[in-house]
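Residues per chain, in single letters:
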Amino acid sequence: MRFSSNLKQFVLLLIVGIVLLLGLLYKQPSVLVGRTDVVAVTPWLAPIVWEGTFDPDLIDMIYKSMNLTIATTVFAVGKYVRFLRDFLETAEKHFMVDFNVRYYVFTDRPGDVPSVNLPQGRHLSVIQVPGSNRWQEISARRMEIIQTAIERQIRREADYIFCLDVDSKFHAHWGAESLGRLVAVIHPWFYLATREHFTYERRPASTAYIPMDEGDYYYAGAMFGGFVEDVYTLTKVCRNHLEEDARNSIEALWQEESHLNRYLLYNKPSKLLSPEYQWDDKKTKTKEVKVIRFSSVVKNYAEIRPNV
Amino acid sequence: CSSCKSTLSSLYDLHCVCFLLTITTQSGRSLFCFCRRTDVVAVTPWLAPIVWEGTFDPVLIDNIYKPMNLTIATTVFAVGKYVRFLQDFLETAEKHFMVGFNVRYCVFTDRPHDVPSVNLNQGRHLSVIQVPGSNRWQEISARRMEIIQTTIEHQIRREADYIFCLDVDSKFHAHWGAESLGRLVAVIHPGYYEQTRDRFPYERRPASTAYIPMDEGDYYYGGAMIGGFVEDVYTLTKVCRNKFEEDAGNSLEAAWQEESHLNRYLLYNKPSKVLSPEYLWQDFKAKTKEVKVIRFSGVIKNYAEVRPNV
């Protein structure tokens, strides 16, 4: 099924799908008046998605006719299984509502995966993965595991994929405005910082190295997404770089998040999500972030992580 | 702007946040002074970028696209007396349009001998394709869809990745680069970007296949510029040509011929990128404060003298 590497076919399908759309009644878009407190496009013309810059009904309407399937990966290893229920229940309320979604839950405790009611068009697979006594390793190995799962299964089952952190809840609409070829999210703690304060990997010996005077944004490792094939390439490259570092006894400062940032500096995302899409419950709300759609919950790291 | 000596910030009002970025791409690093524009909207409600000066870094974008070794087809119709516009169109295109990229101009004309010989830079080619003339300018204009469709089938789809279909009676005045590339690209007509949709000159008769009701419509797009992936533009020209012919079969000609059909098509098949009126101006129009740069503009002409009919 799903989209073969034939992009032309996809493009034609896209056009035919939209042609079926009828009767578009919505407010006229303005050419001169919009949000002035945030930037809505990157210097390479990728949209940055903020509340008020898009019409969710219009966008969902455009994409729904394409009969897409969105894969959604989440890792619930060790005590992190406890976050699954809230993650899934709130996803069912807010995430890609009325789209076909396939959750892929990677866990070392399949027996602890809660049973959550899923409506039609939504499925959940549980995939067993090894645990670890280091949280850094659990985090970093996600790249390899996602890469493998795409090869074995996801590329035949889905058009788009999102790779999300499990220790978070959805609070508001997250829809098809987030779809694109390669999608990253701006980290909520760094969107106001200047680039020399970004927590990039700064040691030249690492494959994730980014010098102090380079960098576009600091992207959060908790969310990346896009076309299955584009995310596949990303995970493959990041996994290879992680392993190369490991052979040189280096572990990048923020593990796969560091490698993600390096990858996205050289392979610019086609769409960015604002920090509305990746918030942190510990952070006080700011004036730019009008809506919090997905946010990591407050937790006691010492209690739930296998190591410090 | 004190940090990068750019004069951009002096042109903009409100919240000009100017900062120097080092942009990294696979082909190297470049410096860009980025000013946030607060006087225009940079993205449509379906999240297609609207391209304005100051919203993008031309060097960065060209550096992203150049390694892809793309070919950009560029069609232009110079039928009847309109051949006279070719020299300026081509000479200014060589200065400003997709500089450094492979470009294939396709000049459609009924007067192949009147096509001027213009020096083209490396990687740039020109083909002349003979087409019939007409004693009605409306027909010359409208038949472009059919001719572009056919030419894509016969030739362009094997030779190019992207295509732009431009009006010939215009000149380039400033940078027009890879920031304009996308799957399906349209331009906002300079005469209507501040209007409410009930004032757009859409076709308003329900009997026409180009009909758009008064309470619908996103923008009024200019027929003088269509672009995108060759296959996406192919589909557009095919649909518009079919609709035009269906109307003709019912003795209807839409208000602005193929531009009306284009607008209908783009309402239902939203463009993936929209160019601001910087990319389609009209010399007779006084400059406005939002349009900081004029990149491509229709020259002043005496329609009575240059068209075959009124």
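Along each chain, numbering runs from 1 in the same order as the chain's sequence is written. As they are written, the chains are lettered A onward and the ligands numbered 1 onward, keeping that order. This being a predicted model, a pLDDT of at least 70 is required before a residue's local features are given, and a value of 80 or more before pairs of side-chain atoms are given or counted; all residues contribute to the totals for chains, interfaces and linings. No hydrogens and no water enter the side-chain calculation; it runs on all heavy atoms of the structure.

### Concerning the UniProt feature "binding site: Mn(2+)" (unreviewed entry) in chain A
Residue and element names in this part refer to chain A.
In step 1: UniProt positions are given in the numbering used here, feature names are shortened, and annotations may be inferred rather than shown by experiment. Residues annotated by UniProt as "binding site: Mn(2+)" (unreviewed entry) correspond here to D165 and D167.
In step 2: Runs of E in the DSSP output that reach at least two residues are strands. Runs of H or I that reach at least four are helices, and both are numbered from the N terminus. Its place among the elements puts D165 in the loop between strand 5 (160-164) and strand 6 (168-170).
In step 3: Should any heavy atoms of two residues lie within 4.5 Å, those residues are counted as being in contact. Residues within four places of D165 in sequence aside, it is in contact with V74, F87, R142, G221, A222 and F294.
In step 4: Within polar-contact distance, the side chain of D165 engages the side chain of R142 at 2.6 Å.
In step 5: As for its placement among the helices and strands, D167 is situated in the loop between strand 5 and strand 6.
In step 6: On the accessibility criterion, D167 (8% relative accessible area) is buried.
In step 7: Not counting residues within four places of it along the chain, the set of residues in contact with D167 comprises Y80, F83, S295, S296, V297 and K299. The definition of a polar contact used here is a pair of N or O atoms within 3.5 Å, where within protein one atom must be able to donate a hydrogen and the other to accept one, and adjacent residues in sequence count solely through side-chain atom pairs. Only protein chains enter the accessibility calculation, which uses a 1.4 Å probe. A residue is then buried if its area is under 20% of the maximum for its type, exposed if over 50%, and partly exposed in between.

### Examining unusual backbone geometry
Glycine aside, the phi torsion of most residues is negative, and most peptide linkages are trans.
All names here are of chain A.
In step 1: Residues other than glycine seldom take positive phi values, yet M96 does so here, at roughly 45°.
In step 2: Within the secondary structure layout, M96 lies in the loop between helix 3 (84-94) and strand 3 (100-107).
In step 3: One non-glycine residue, D98, adopts positive backbone phi at about 75°.
In step 4: If you trace the backbone, D98 turns up in the loop between helix 3 and strand 3.
In step 5: For D98, a relative accessible area of 63% corresponds to the exposed category.

### Side note on the packing of helix 6 (residues 228-247) of chain A against helix 7 (residues 256-266) of chain A
Residue and element names in this part refer to chain A.
In step 1: Angles run from 0 to 180 degrees between N-to-C directions of axes, and those axes are lines fitted to C-alpha atoms, restricted for helices to the stretch in contact. Direction vectors running N to C along helix 6 and helix 7 enclose 125°, while the axes themselves pass 9 Å from each other. What the angle tells us is that helix 6 and helix 7 run oblique. As helix 6 packs across helix 7, the resulting crossing turns out to be right-handed. Residues T233, L234, V237, C238, H241, L242 and D245 of helix 6 form the contact with helix 7, whose own contacting residues are E256, H259, L260, Y263 and L264.
In step 2: Gly counts as polar in this scheme, as do all residues outside two lists: the nonpolar Ala, Val, Leu, Ile, Met, Phe, Trp, Tyr, Cys and Pro, and the charged Asp, Glu, Lys and Arg. The class makeup of the residues in the contact of helix 6 with helix 7 is seven nonpolar, three polar and two charged. With respect to orientation, any angle under 35 degrees is reported as roughly parallel, any angle over 145 as roughly antiparallel, any angle of 65 to 115 as roughly perpendicular, and every other angle as oblique. A crossing counts as left-handed when the near helix is turned anticlockwise from the far one by less than a right angle, and as right-handed when that turn is clockwise.

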